[in-house]
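These are the residues of each chain, in order.
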Amino acid sequence: MADRDAEAVDPLRPADAIDGKGEPADGTGDGITSPKLGFVGWMRWGWRQLTSMRTALVLLLLLAIAAVPGSIVPQRSADPNGVSQYFSSNPTLAPILDKMQLFDVYSSAWFSAIYILLFVSLIGCIIPRTKHHFTALRARPPRTPARLARLEDHRESLVELEPGEDAGHAASRAVDLAASLLRKGGYRIERYDSRGSASVSAERGYLRETGNLIFHTALVGVLVAVGLGGGFTYTGQRVIVQGTTFVNSVGTDYSSFNPGRFVDPDSLTPYTLKLDKFDVTYVPFGQKDAGQAGDFAAHLTTQLPGQSAQTGTVRVNHPLQIAGDDVYLLGNGYAPTITVRNAKGEVVFHDTVPFLPQDNNMTSIGVVKVADGLPEQLGFVGFFYPTQVKLGSGAFSSAYPNLLNPVLTLNVYGGDLGINNGIPRSVYALDPTGMTQLTGGKTGVKSIELSPGQTTQLPKGYGTITFENDSPAGAKDQSQAVKRFVSLSIHHDAAGPWALAFAVLAIAGLLLALFVPRRRMWVKATPAGDGLRIEYAALARGEDPTLKAAVDDLAAKHAKALDAAGAASVPDQAAKAPSVD
Amino acid sequence: MLSLEELSVWLVWTAIAIYALAFIAYTWDLATRSAKSLDEKDAAKARERELVAAGGGSVPSADELHREQDRAEAALRAAPRDRTRPVFARIGTALTWLGFLCQVAADITRGVAAGRVPWADMYEFALTGTMLMIGVYLLSLFFYDLRFLGAFITGLVVLLLGLTSMNFYVAISPLMDPLKSPWLVIHVFVASLATAIFALAFGLSVMQLMQQRREHKIVAAQLAGPDDAPVKVGWGFLRNLPSSESLESLSYRFAIIGFIFWSFTLVAGSIWANYAWGRFWGFDTKEVWTFIIWVVYAGYIHARATRGWRGTRSAWLNIIGFSAVMFNFTIVNLFFKGLHVYSGLTTAS
Ligand code: HEM
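Residues numbered from 1 in each chain as written. Chains lettered and ligands numbered in written order. Predicted model: local features only at pLDDT ≥ 70, side-chain atom pairs only at ≥ 80, totals over all residues. Heavy atoms only, no water.

*Asks:* Go over the overall build of chain A with me, naming the residues and quoting the values.
*Replies:* Of the regular secondary structure elements, chain A holds 11 helices and 26 strands. The principal-axis extents of the C-alpha atoms in chain A amount to approximately 135 × 70 × 55 Å. Within chain A, buried positions represent 44% of all 581 residues. For chain A, contacts bridging at least 24 residues in sequence account for 63% of all contacts bridging at least 6. Total accessible area on chain A stands at roughly 29,200 Å², and carbon and sulfur atoms take up 57% of it. On chain A, the mean spot of the 52 positive side-chain charges and the mean spot of the 54 negative ones are 3 Å from each other. (Helix = DSSP H or I, 4+ residues; strand = E, 2+ residues; numbered from the N terminus. Buried < 20%, exposed > 50% of the residue type's maximum accessible area, 1.4 Å probe, protein only. Contact = heavy atoms within 4.5 Å. Areas by Shrake-Rupley, 256 points an atom, 1.4 Å probe, with all protein chains shown as cover. Lys, Arg positive; Asp, Glu negative; His and termini not counted. Charge placed at Lys NZ, Arg CZ, Asp CG, Glu CD.)

*Asks:* Which residues make up the site of the ligand, and what values do they have?
*Replies:* In the vicinity of the ligand, 24 residues are found, and the nearest of them are Arg-13, Cys-125, Asn-212 and His-216 of chain A together with His-302 of chain B. More than one chain reaches the ligand: its neighbouring residues belong to chains A and B. Interatomic distance of 2.8 Å between a side-chain N/O atom of His-216 of chain A and a nitrogen atom of the ligand. At 2.4 Å from a nitrogen atom of the ligand is found a side-chain nitrogen or oxygen belonging to His-302 of chain B. Examining the composition of the shell around the ligand, we find that 5 residues originate from one element, helix α7 (residues 109–138) of chain A, more than from any other. Taken together, the residues of the shell around the ligand sort by class into 16 nonpolar, 6 polar and 2 charged. (Near = heavy atom within 4 Å. Polar contact = N/O pair within 3.5 Å; in protein donor to acceptor, adjacent residues only side chain to side chain. Nonpolar A, V, L, I, M, F, W, Y, C, P; charged D, E, K, R; others polar.)

*Asks:* Please set out the sheet that holds strand β4 (residues 234–241) of chain A residue by residue, giving values where relevant.
*Replies:* Residue and element names in this part refer to chain A. With respect to topology, 5 strands assemble into an open sheet ordered β6-β4-β24-β11-β10, the strand pairing being antiparallel. This sheet does not close on itself; its edge strands, each paired only once, are β6 (256–259) and β10 (320–322). With strand direction ignored, the average angle separating the axes of adjacent strands in the sheet is 25 degrees. Pairing geometry for β10 and strand β11 (residues 325–335), over 3 bridges, is antiparallel. (Pairing = 2+ DSSP bridges. Axes fitted to C-alpha atoms, helices over the stretch in contact; angles between N-to-C directions.)

*Asks:* Pulling in residues and values, what's your account of the coordination of the iron atom of the ligand?
*Replies:* The protein atoms that coordinate the iron atom of the ligand are His-216 of chain A (NE2) and His-302 of chain B (NE2), at distances spanning 2.0 Å. One way to put it: the 6 donor atoms around the iron atom of the ligand meet at angles of 73 to 179 degrees, and that makes the site octahedral. You can see His-216 of chain A sitting in helix α9 (residues 206–229) and its partner His-302 of chain B sitting in helix α9 (residues 285–304), one on each of two chains. The class of His-216 of chain A is buried, set by a relative accessible area of 12%. For His-302 of chain B, a relative accessible area of 18% puts it in the buried group. (Donors = N, O, S within 2.8 Å, 3.2 Å for Na, K, Ca; no water. Tetrahedral: all angles 85-135°; square planar, octahedral: opposite > 155°, others 65-115°.)

*Asks:* So what's going on with the pattern of salt bridges? Which residues, and what values?
*Replies:* Residues and elements named next belong to chain B. By the definition in use, this model includes 27 salt bridges over all chains. The partner of Glu-124 in a salt bridge is Arg-116, with the nearest N and O atoms 2.9 Å apart. Ionic pairing is found between Arg-304 and Glu-248, a salt bridge with its closest N-O pair at 2.9 Å. Of this pair, Arg-304 sits in helix α9 while Glu-248 is found in helix α8 (residues 244–277), placing the two residues 56 residues apart along the sequence. Here Arg-304 matches Glu-248 in class, with each residue buried. One connected set of salt bridges, linked through shared partners, spans Arg-110, Arg-116, Asp-121 and Glu-124. (Salt bridge = Lys/Arg side-chain N within 4 Å of Asp/Glu carboxyl O.)

This is how it looks when you write it as structure tokens:
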């Protein structure tokens, strides 16, 4: 190091940083060579290892490698269906992978271990550096090195003295000029004059280290925000059929609800959402990509307790905000209204049932369960085709996602629905064990097939079933004959905004840390013969590709300033001259 | 009459053809320049030495190596006006400009035909991404004489653009709903820009490793003495390149600019994900790879600041980083399952 004194205010770096001042990189330091290392000694040694640059680097690379398998093996968090599929197609391998937590990579013990170690290392790195940086911010620039010529970026020039000018005085004046140039350039300066020479020591770019610390601290901020904020976050899902209302309260209305650890499910704001209308556009028949859906929009009526109702719209990329929650559109589909009557003509079932879409043309599957009012319990497994066509094989299919030729087909099962024994059953699936198929398949009885408004007989003379036409009065076609439903996802995200703020802070810090040049400059003037020898030298702290240019620039500007000062002093002396004469 | 969409395809193939010619010119330049650009004196000296060494190859002395590299360093930083004027490199650059203009026209016509930004399916990512690669290269020529990277950049672009045009071309189709967002404009564009900058950093790191090998061999050859069997110290064009150290710091500068843009991509992507999918971060495959790439480059930046890692090792990390970027664009887009199914190559089901 050229400037021993200067080291006192260097940014404190881990020992093995390029410009750190610690032991050699082979790393063992003095710890391992000393024969007896007490407990405290070992702890200290371990801590130093953990907070070294090499460890940070290795942990970063480990983190990158450890993240890879999660992109290859399906993850429970992102793709639960993929995981089930993986289990059924790889029955021997899957359990082994599961043991290794490969379906939950990002919450696995090994992945967590890596990032926790990394962050411990990070904090261990930040704290001493921050303390040190505060001291450095208040310190004066270091003493001018005795031999500037030893520095790589070094210039020298000779300036003639004005006749009769005192060399020491001139040196001091030249350095004054340099000092003011440097100060204008954003440097912090300190004069170090000694017998025989005058010099200024200047330093700039403290913001580089500040930026670096902001960056690393903000990373901790992101992690803390995600970790803590997750506890106050909840998400829930709900299907809403056109015309019906949802109340934001757990227990009654959510079909699924995932609260964070600190969420009190009883304290949700009980606002209501009603689906008035669902809009979607489809690329028309005959065009490329016919049937591609877009511009989804769920028009809702929202109401906060004690306030008047308002309307709002949920679109993809445009969630609806209400009471601190965000409401997202997850999916949509058709919900045929079905009425079942018994042999006496009494209504035993009447509901609008969401059918889940299976393909781009909205072929949909749904289930109707009639538990009471008939001689036995009936289950209906239905297919809904918004635009029904018959394939060559005789099977039905949907050719277009809009309602051009809506048809509902149903297969009927009789027996025990299994809903009375307290085991929760999905409303979208029918478990036919213990039931007898009454229509379709091998029964020889034709499946039920209905268009909106049609009614047909149930098998065994149980009664009738009607596919209601939900068109408004006076409708000319079937485009509104079947109601729509949407599935909404409701989020309360306490972590996001904080994490985002820290991320933005991190990038700002990064910009400073990477692009603010941190350097020291010295200008020294020494009387030499009839003139002054002026030296300029600079030293970069960290990456500084513009250092050389900066020295050249300073030397040029200073020369010019000296010239100007000299020129100014000529008339000055000329003015004085007569009086001396 | 050609439709705009078809015109765009024609322009793309024209650009590819021109880049291919540029690639040939640049390669020719690399192959021949080493001999030509030696100035008279050095050439005479080299001839003399060759005579003396009786065919003993042309291992430069340490002094010569230094002089060579100082000259290369000055050439690297020379203002465009003061640069050497090797004919084939100039032809290469002129052709690259011509190809670039065609490609910009192709990109714009595609965008106009689609009525949106031209980066919404895999073919378009490649089209815009490679355009930015060339653009960043041409722009950097105003600051550094990087023409020695011309063959690498034009070669890479011919390969990427040619392969995607042949295999992944899709006709313009309307945007899927999640893509209808201003974030498409920002996030994807910045990601492509970062990729383009990483490409240059990658090229420089490769050159750095080659140069480093040459430097080592020269030192070894000198230690061995002149009487030993002649050694080959590496490709001739390397003698016109700056020192490995200089290449390394240049590579680093590109990489950190790329890293900033990539960080922005990461953050912008998670903001968009929150609007489109209702969460900032969900470890979707594409998110995972964006993260992996970010961490690798953070590792690279650390390696540059870690004793014992500067030089070869950090160069390899830079190379790994760019390989991950390319992997993300190709393999992950095509074969990995996830929410980012916007290659336009399969109809979503
Ligand atoms: C969470 C993991 C980490 C990430 C993502 C990360 C990322 C970065 C980045 C991007 C830089 C370049 C910007 C700058 O110079 O400020 C950097 C620099 C630096 N990091 Fe980290 N870092 C991490 C952890 C650590 C740890 C644990 C340490 C302590 C051992 C550390 C010490 C440093 C130092 C000393 C520099 C300055 C390097 C230089 O002088 O160029 N970092 N880090």
